[in-house]
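One-letter residues, chain by chain:
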Amino acid sequence: MRNIRVKELMTPDPVLISPDATLQEAAKEMAVFDCGFLPVMRKDGVLGTITDRDITIRAVSKGLDPRKEKVLSYMTHDCFSCNENDYLEDAAEKMREHKVSRLIVKNHKGEVVGVLSFGGILRQDADAKEVSN
């Protein structure tokens, strides 16, 4: 894991969703792009994230209509990010520190350029000794 940069393992060009989109629209994007996590964006930047679990647990399980409910009401407002040129070890520590499994990846301009997931790190570098630390 040493000397590997985040940009080497991130999923590039993530699908972004508006806070005004419906939960159904978010779920459709997740289905089309085979992902369970979308950064929620406005023109001025990242507002938060929405996951398939957010949609299921916070809305669908309560009988709410995903065709009417908006992403803004169910998204997670606290989101964490790293830079594409950060070392993977530092990004993994940030995930551990904040108890999250994904980080939004930004470039030097602050633009969202990718998503780094814990699963992506494991698939790339599945050394059992490192994973267990």
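Given the structure is predicted, the values throughout are model-derived calculations rather than measurements. (Residues numbered from 1 in each chain as written. Predicted model: local features only at pLDDT ≥ 70, side-chain atom pairs only at ≥ 80, totals over all residues. Heavy atoms only, no water.)

**Overview of the overall build of the protein chain**
Okay, step 1: Each helix and strand in the protein chain was counted, giving seven helices and six strands.
Okay, step 2: Secondary structure of the protein chain in N-to-C order comes out as α-β-α-β-β-α-α-β-α-β-β-α-α.
Okay, step 3: Its C-alpha atoms give the protein chain a radius of gyration of 15 Å, within 12% of the compact-globule value 14 Å for 133 residues.
Okay, step 4: Principal-axis analysis of the C-alpha atoms places the extent of the protein chain at approximately 45 × 35 × 25 Å.
Okay, step 5: Burial status across the protein chain gives 38% buried among its 133 residues.
Okay, step 6: Relative to all contacts within the protein chain whose residues are 6 or more apart in sequence, the contacts with residues 24 or more apart total 56%.
Okay, step 7: Total accessible area computed for the protein chain in this model is approximately 8200 Å², and 48% of it derives from carbon and sulfur atoms.
Okay, step 8: Distance between charge centroids for the protein chain: 4 Å, based on 20 positive and 22 negative side chains. (Helix = DSSP H or I, 4+ residues; strand = E, 2+ residues; numbered from the N terminus. Rg over C-alpha atoms; globule rule 2.2 N^0.38 Å. Buried < 20%, exposed > 50% of the residue type's maximum accessible area, 1.4 Å probe, protein only. Contact = heavy atoms within 4.5 Å. Areas by Shrake-Rupley, 256 points an atom, 1.4 Å probe, with all protein chains shown as cover. Lys, Arg positive; Asp, Glu negative; His and termini not counted. Charge placed at Lys NZ, Arg CZ, Asp CG, Glu CD.)

**Thoughts on the state of the cysteines**
Okay, step 1: One pass over the full model with this rule turns up zero disulfides.
Okay, step 2: Distance from the sulfur of Cys 35, which forms no disulfide, to the nearest cysteine sulfur (Cys 79) is 15 Å.
Okay, step 3: We classify Cys 35 as partly exposed; its relative accessible area is 28%.
Okay, step 4: Cys 79 carries a free sulfur, and the closest cysteine sulfur to it, the one in Cys 82, is 12 Å from it. (Disulfide = S-S within 2.5 Å.)

**Some points on the pairing of strand β3 (residues 45–51)**
Okay, step 1: In terms of residue burial, β3 counts as a mostly covered element, since five of its seven residues are buried.
Okay, step 2: Bridging between strand β2 (residues 37–42) and β3 involves six bridges; their strand directions are antiparallel. Within β3, the position partnered with Arg 42 by the bridge is Gly 45.
Okay, step 3: Taking the residues that link successive antiparallel strands as the turn, the β2-β3 hairpin has two residues. (Pairing = 2+ DSSP bridges.)

**Here we look at unusual backbone geometry**
Okay, step 1: For Asp 34, which is not glycine, the phi dihedral falls at a positive 50°.
Okay, step 2: Structurally, Asp 34 is set in the loop between α2 (23–33) and β2.

**A closer look at the confidence of the model for the protein chain**
Okay, step 1: Within the protein chain, residue pLDDT values average 90, and 90% of them lie at 70 or more.
Okay, step 2: Below a pLDDT of 50 lies the segment residues 126–133, which in the model reaches five contacts outside its immediate sequence neighbourhood of four places, other chains included. (pLDDT = per-residue confidence, 0-100.)

**Concerning the sheet that holds strand β1 (residues 11–12)**
Okay, step 1: Reading across from one edge, β1-β6-β5-β4 is the order of the four strands in this open sheet, with mixed pairing throughout. Since the sheet does not close on itself, it has two edges, and those belong to β1 and β4 (81–83), each with one partner.
Okay, step 2: Here β4 runs beside strand β5 (residues 102–106); their pairing, made up of three bridges, is parallel. If you follow Cys 82 over to β5, its bridge partner there is Val 105.

**Looking at the nonpolar core**
Okay, step 1: In this structure, Ile 17, Leu 23, Leu 38, Ile 50 and Val 71 are the most contacted members of the largest nonpolar core, which totals 14 residues.
Okay, step 2: The set of elements that each furnish at least two residues to this core consists of α2, β2 and α4 (71–74).
Okay, step 3: Considering every element that reaches this core, the biggest residue donor is α2, with three residues.
Okay, step 4: When neighbours within four sequence positions are excluded, Val 71 is seen to be in contact with Ile 17, Ser 18, Pro 19, Ala 21, Thr 22, Leu 23, Ala 26, Val 40 and Ile 50.
Okay, step 5: Ranked by size, the runner-up nonpolar core spans 13 residues in total, among them Val 6, Cys 82, Leu 103 and Ile 121. (Core = buried A, V, L, I, M, F, W, Y, C linked by side-chain atoms within 4.5 Å.)

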